[in-house]
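# Notes for the structure review
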Amino acid sequence: MSESLLRTVPAEGFDVARVRMDFPILQRRIHDHPLVYLDNAATTQRPLQMVEAMNRYYLEYNANIHRAIHTLGYESTVAYEEAHKKVARFINARSWREILFVRNATEALNLVAMTWGKANLRAGDEVVVSLMEHHSNIVPWQMLRDSLGIILKFIPVTSDGVLDLEAADRLITPKTKLVGLVHASNVLGAINPVSEIRDLARRAGALFVLDGAQSVPHMAVDVQALDCDFFAASGHKMLGPTGIGFLYGKKSLLQTMPPFLTGGDMIATVSQEASTWNELPWKFEAGTSAVAEGIGLGAAVDYLTTLGMDNIYQYEKELGDYALQRLRNVSGLKLYGHERGESLAVFSFNLEGIHPHDGANALDRFGIAVRSGHHCAQPLMNRLGMDNTLRASFYLYNTKAEVDLLVDALGEIKKLFRA
Ligand code: C6P
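Attention here is on the structure that accompanies the text. Here the structure is a predicted model, which means the values were calculated and not measured.

## Here we look at the sheet that holds strand 16 (residues 371–373)
The antiparallel open sheet is built from four strands, whose spatial order is 13-14-17-16. Only two strands of the sheet have a single neighbouring strand rather than two, namely strand 13 (333–336) and strand 16. Pairwise comparison of adjacent strand axes, ignoring direction, gives a mean angle of 30° for this sheet. Across four bridges, strand 14 (residues 346–351) lies against strand 17 (residues 389–393) in antiparallel orientation. Within strand 17, the position partnered with Ser348 by the bridge is Arg391.

Okay, structure coming up:
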């Protein structure tokens with residue numbers, strides 16, 4: 001752990017200047033401007049501590065896991081297992097064996113559909129998701145609809161960008177076998193009313209799956225309190241490396257589900273006739289694991305834990321409130337969502353007369369990185385009447401000064417395009 005981070009908390013509270021020291025990339029200049037990185041919902045930057053943890057693995061104890069008696073193999077196995085334990089503590093899972101390492105949230109959600117879904121769903125069974133989902137919590141269920149004949153239903157979104165709970169109450173019935181919900185929207189930032197939807201799922205006797213890709217980087221998550229059956233997330237959206245994410249699943253479900261990918265490491269025995277499965281979580285981690293990435297994810301979790309998720313949430317809330325107030329005062333800017341309920345500091349908007357891709361390109365000239373496009377949530381975009389937006393998404397190292405730079409640049413861009 002670098003000295004800078006250790007000095008950050010808890011005595012001095014959340015000190016963003018010290019946090020920024022852990023992210024060398026933030027010192028970059030882009031087109032002669034300081035980098036203002038506001039594309040955190042796509043992927044975050046990485047602290048030195050995380051990169052150093054991966055380096056240490058490669059430089060000091062690189063070896064395959066679960067396969068070797070030698071010292072390096074032992075050390076890498078222990079470190080990789082410890083990373084599962086760190087994630088389990090981070091989200092308050094009952095056991096680290098409930099944490100499966102996968103490539104990303106997309107793979108986690110596909111795993112649920114392709115294992116639990118294929119084994120348990122029959123033609124006519126209903127799966128309910130929301131219209132606010134990322135494609136990764138829609139397409140796997142569409143695949144099952146097309147192969148198994150299940151029925152896929154969508155909880156509508158109101159014109160002000162929140163879930164229609166009355167409609168959810170009507171849609172979730174005893175025919176519903178699984179309810180999937182995005183915990184926080186990558187387009188609107190909206191934090192969804194999890195307990196209400198979970199209670200509807202429970203009333204129906206359905207499983208409840210949370211897509212936590214956007215929530216877990218920004219707020220304390222307690223899977224026992226949420227009482228979800230599955231929780232999916234990506235490491236690269238929470239300061240970790242690419243190529244690693246996790247799926248939390250209740251042990252009782254994981255034990256009875258068939259494996260996802262098959263082959264090495266996920267078996268207990270193999271004969272010519274049949275195979276038996278390894279214990280959890282290895283039953284779901286076939287082949288040589290992303291060892292360095294898993295260790296990196298553990299280090300990212302250490303970093304977040306040291307800062308404190310409640311401190312991070314509070315800091316980002318204040319930053320988000322400031323950004324909201326400033327963006328609302330930009331003339332010709334149409335902001336989506338942020339009208340009701342709680343939201344993360346994720347702002348999708350359009351500038352009158354300027355295509356979002358042109359806007360993002362122009363912002364880049366000012367050193368400001370935002371995303372433009374449909375954000376892999378086309379059903380939501382269609383519902384809200386747009387194809388593409390600009391999106392500024394903030395994280396723990398962003399500052400109010402960067403909000404001001406964004407707003408100033410938007411003003412300049414409007415002049416440039418005479419919009
Ligand atoms: N959203 C964004 O720019 P992967 O790509 O598997 O790491 O994450 C998928 C995913 C799942 N759920 C939600 C809510 C997400 O936001 C994402 C990824 C990125 O918004 C890339 S499209």
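Anyway, onward from the coordinates.
## Notes on the sheet that holds strand 5 (residues 126–130)
The strand order across the open sheet formed by seven strands is 4-10-9-8-7-5-6, and the pairing between neighbours is mixed. The open sheet is flanked by strand 4 (99–102) and strand 6 (151–155), the only strands paired with a single partner. Between one strand and the next, the sheet's axes are offset by a mean angle of 20°, whatever the strand orientation. The pairing of strand 7 (residues 176–182) with strand 8 (residues 207–211) spans five bridges and is parallel. Bridging across to strand 8, Leu181 finds its partner in Leu210. Of the strands in this sheet, strand 5, strand 6 and strand 7 are in contact with helix 6 (residues 139–148), which crosses strand 6 at around 150°.

## Focus on the side chain of Arg46
Note on placement: Arg46 falls in the loop between strand 3 (36–37) and helix 3 (48–60). Buried charge without a salt bridge: Arg46, with Asp39 as the nearest opposite-charge side chain at an N-O distance of 10.0 Å. At 3.2 Å, the side chain of Arg46 and the side chain of Thr43 are in polar contact. A polar contact of 2.8 Å, which involves the side chain of Arg46, links it to the backbone oxygen of Gly240. If near-sequence neighbours (up to four positions away) are discounted, Arg46 is found in contact with Asp22, Phe23, Val51, His236, Leu239, Gly240, Pro241 and Thr242.

## Topic: the site of the ligand
Within the structure, the ligand sits among 18 residues, and Thr106, Asp211, Ser234, His236 and Arg371 are positioned closest to it. A distance of 2.8 Å separates an oxygen atom of the ligand from a polar side-chain atom of Asn186. Take Asp211: an N or O atom from its side chain is 2.6 Å from a nitrogen atom of the ligand. Here the ligand has 510 Å² of accessible area as a free molecule, and 90% of this is covered by the chains.

## Some remarks on the nonpolar core
Judged by nonpolar contacts, the single largest core of 113 residues is most densely connected at Ile91, Phe231, Phe246, Phe394 and Leu396. A domain-level breakdown of this core finds at least three residues from each of domain 1 (3–46 + 309–417) and domain 2 (52–305). Residues contacting Ile91, with those up to four places away along its chain left out, are Ile99, Val216, Val221, Asp222, Val223, Phe246 and Tyr248. Listed in part, the 26 residues of the second largest apolar core include Leu100, Ala108, Leu111 and Val209.

Rules used in this analysis
Residues numbered from 1 in each chain as written. Predicted model: local features only at pLDDT ≥ 70, side-chain atom pairs only at ≥ 80, totals over all residues. Heavy atoms only, no water. Pairing = 2+ DSSP bridges. Helix = DSSP H or I, 4+ residues; strand = E, 2+ residues; numbered from the N terminus. Axes fitted to C-alpha atoms, helices over the stretch in contact; angles between N-to-C directions. Contact = heavy atoms within 4.5 Å. Buried < 20%, exposed > 50% of the residue type's maximum accessible area, 1.4 Å probe, protein only. Lys, Arg positive; Asp, Glu negative; His and termini not counted. Salt bridge = Lys/Arg side-chain N within 4 Å of Asp/Glu carboxyl O. Polar contact = N/O pair within 3.5 Å; in protein donor to acceptor, adjacent residues only side chain to side chain. Near = heavy atom within 4 Å. Areas by Shrake-Rupley, 256 points an atom, 1.4 Å probe, with all protein chains shown as cover. Core = buried A, V, L, I, M, F, W, Y, C linked by side-chain atoms within 4.5 Å. Domains from an automatic or database assignment.

So far we have only geometry, and geometry alone does not tell us how the molecule works.
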